[in-house]
Amino acid sequence: MRIINIVGARPNFMKIAPLMRAYTAHAEIEPLLIHTGQHYDHAMSRLFFDELGIPRPDLNLEVGSASHAVQTAEIMLRFEKVCLERVPDWVVVVGDVNSTVACGLVAVKLGIKLAHVEAGLRSFDRSMPEEVNRLLTDSISDLLFVTEDSGMRNLEQEGVAPAKVHLVGNVMIDTLLANREKADASRVLDDLGLDDRGFAALTLHRPSNVDDSAIFGGLLDAFEEIAVQMPIIFPAHPRTVKQIDSLGLGDRLSAIERLRVIDPLGYLDFLKLMAHARVVLTDSGGIQEETTILKVPCVTLRENTERPVTCDVGGNQLAGIDPERILEAYRKALTIVPEQIGTPPLWDGKAAERIAGLLAREA
Ligand code: UD1
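Owing to the predicted nature of the structure, the values given are computational and were not obtained by experimental measurement. (Residues numbered from 1 in each chain as written. Predicted model: local features only at pLDDT ≥ 70, side-chain atom pairs only at ≥ 80, totals over all residues. Heavy atoms only, no water.)

A. Up close: unusual backbone geometry. You will see that Arg197, though not glycine, has its phi angle at about 65 degrees, which is positive. Mapping Arg197 onto the fold places it in the loop between α8 (188-192) and β8 (200-203). A relative accessible area of 37% places Arg197 in the partly exposed class. Its identity is not glycine, yet Lys295 carries a phi of approximately 60 degrees, on the positive side. (Helix = DSSP H or I, 4+ residues; strand = E, 2+ residues; numbered from the N terminus. Buried < 20%, exposed > 50% of the residue type's maximum accessible area, 1.4 Å probe, protein only.)

Dropping the structure here:
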């Protein structure tokens, strides 16, 4: 059974790594790995392959950056040729990026079976590009692998046949657990002169947060207050760096003394940074999950989350974008006892094994 696996953007790499490894236990599966090239900077792509031991992609479609329509269309044009040449039995897509929906649509139009890893998550906010990608991908998938109970309920409500849906746990957490020890050896805290639990880690890249100067400015107001109490380390996504420049926020940012903008970190350095932070501030989806397992309080700079279990188990708070609410959530985060943060069911490091086992049954 030939399975084409798709990666495109940074958050896909940690999801595909354990799956590529899990396939090796199933001789009947012939996995191929295709990189769409949605992300292409060394720090956004290649570094993750090296650190996580992901096999070199069989092919890179090199689509690069463009508007949503152009990027999605370009991936579809190039991936259709690949499917026609390689004739896979299944295409496996992960997460919710443009590469996910583009390759999924190509597959089903050619009559190739489609599996979606991280299915069922819903923010119920269709202004988020990822929400549209999630809805579309799930609605055309033949197998849906779900990370948390909310995903099971969402798919049931959308009328997806229960036989297609499997609660398997979280492949992102497989990678985290497999790399924790390795990450311990990272020198990032020394390099940045940070004390254990003496700093906040920040990531920010959602268009809704970084494309509007009033919103981004409001976030900076909150960070300025927090930076009085502890340094904030901000590995900035290239998109965010461009926005800081084009919104003219560079001077305002550099005036906040203990807010340190640094280049994007690799997986191991960032894992170490998160694990030793007093609190993590983020608008990412995956980081809400990773902090849950690391038992580090997370303040999510969004009004909604497609990963509600991270709030239910006590580590994550939705703070939105209002500075006062962010500060309130930050203060509350400092009172959270790490041991009291729960672990969602099946986030045990074995999700990829379960998925590979279920796919092998289709052979
Ligand atoms: C994409 C995903 C988002 C995910 C994020 C993680 C979609 C719709 N969005 O957002 O869900 O959370 O990845 O990083 O798929 N750029 C570079 N170098 C790169 C890649 C991007 O400089 O290697 C810059 C370019 O200016 C580009 C911009 O980032 O235009 C946006 O890249 P894109 O892939 O369109 O979306 P992300 O914001 O990265």
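B. View of the environment of Arg325. Looking at the secondary structure, you find Arg325 in helix α16 (residues 323-333). Arg325 sits 178 residues away from Thr147 along the chain, and the two C-alpha atoms are 29 Å apart. When residues no more than four places from it in sequence are discounted, the contact partners of Arg325 are Glu303, Leu318, Ala319 and Gly320. Side chain to side chain, Arg325 and Glu303 meet in a polar contact 3.1 Å long. (Contact = heavy atoms within 4.5 Å. Polar contact = N/O pair within 3.5 Å; in protein donor to acceptor, adjacent residues only side chain to side chain.)

C. Expanded view of the side chain of Arg302. Among the secondary structure elements, Arg302 is positioned in the loop between β12 (298-300) and α15 (309-312). At a separation of 2.6 Å, a polar atom in the side chain of Arg302 contacts the side chain of Glu306. Arg302 has contacts with Ser123, Met128, Arg206, Asp283, Ser284, Gly285, Gln288, Leu318, Ala319 and Gly320, leaving out every residue within four places of it along the chain.

D. Quick peek at the site of the ligand. Taken together, 19 residues surround the ligand, and among them Gln38, His39, Asn98, Glu130 and Lys242 come closest. Note that an oxygen atom of the ligand is positioned 2.9 Å from one of the backbone N or O atoms of Tyr40. Within the contact set of the ligand, an oxygen atom lies 2.5 Å away from a side-chain nitrogen or oxygen of Lys242. Tallying contributions element by element places helix α11 (residues 238-246) first for the shell around the ligand, with three residues. (Near = heavy atom within 4 Å.)

E. Main features of the pattern of salt bridges. Scanning the model with the defined rule gives 20 salt bridges in all. Here Arg78 makes a salt bridge to Glu74, at a shortest N to O gap of 3.0 Å. Linking Arg78 with Glu74, this pair stays in helix α3 (residues 68-86), spanning four residues, or about one helical turn. Judged by relative accessible area, Arg78 falls into the partly exposed class, the value being 29%. A relative accessible area of 26% means that Glu74 is categorised as partly exposed. Residues participating in the shared-partner salt-bridge network are Lys15, Asp96, Glu118, Glu131, Arg134, Glu289, Arg302, Glu306 and Arg307. (Salt bridge = Lys/Arg side-chain N within 4 Å of Asp/Glu carboxyl O.)

F. Highlighting helix α4 (residues 98-109). With twelve residues, α4 ought to run about 16 Å at 1.5 Å a step, and its terminal C-alpha atoms sit 17 Å apart, in line with that. A large share of α4 lies buried, amounting to nine of its twelve residues. Along α4, the residues that are buried comprise Asn98, Ser99, Thr100, Val101, Ala102, Cys103, Gly104, Val106 and Ala107. Contact partners of the buried residues in α4: β1 (2-7), α3, β4 (90-94), β5 (113-119) and α5 (129-140). Where α4 terminates, the next one or two residues include Gly111, which has phi positive at roughly 75 degrees. (Expected span 1.5 Å × (residues − 1).)

G. Focus on the domain arrangement of the protein chain. On domain assignment, one finds that the protein chain holds domain 1 (2-170 + 347-360) and domain 2 (180-340). Here the C-alpha centroids of domain 1 and domain 2 sit 26 Å apart. Listed as interface residues are 23 residues of domain 1 and, on the opposing side, 19 residues of domain 2. Surface buried jointly by domain 1 and domain 2 totals about 1800 Å² across both partners, of which 57% is contributed by carbon and sulfur atoms. Among the residues of domain 1 in contact with domain 2, Glu51, Glu148 and Trp347 are the three that bury the most area, contributing 30% of the side total. In this structure, the connection of domain 1 to domain 2 is made through three salt bridges. Taken together, the connections running from domain 1 to domain 2 amount to nine residue pairs in polar contact (both at pLDDT 80 or more). Counting residues per element, the ones that place at least two in the side of domain 1 that touches domain 2 are α1 (10-23), α2 (46-52) and α5. Here the side of domain 1 that touches domain 2 is composed, by residue class, of nine nonpolar, four polar and ten charged. (Domains from an automatic or database assignment. Buried area = accessible area lost by both parts, 1.4 Å probe. Nonpolar A, V, L, I, M, F, W, Y, C, P; charged D, E, K, R; others polar.)

H. Broad picture of the sheet that holds strand β10 (residues 259-262). Strand order in the open sheet formed by six strands is β10-β9-β8-β11-β12-β13, and the pairing between neighbours is parallel. A single partner strand is all that each edge strand has here, and the edge strands are β10 and β13 (316-318). Neighbouring strand axes in the sheet, compared pairwise and without regard to direction, differ in orientation by 20 degrees on average. In the sheet, β8 pairs with strand β11 (residues 279-282) via four bridges, with the strands oriented parallel. The partner of Thr203 across the bridge, within β11, is Thr282. Its contacts with the sheet put α16 on β11, β12 and β13, and the angle it makes with β13 is roughly 165 degrees. (Pairing = 2+ DSSP bridges. Axes fitted to C-alpha atoms, helices over the stretch in contact; angles between N-to-C directions.)

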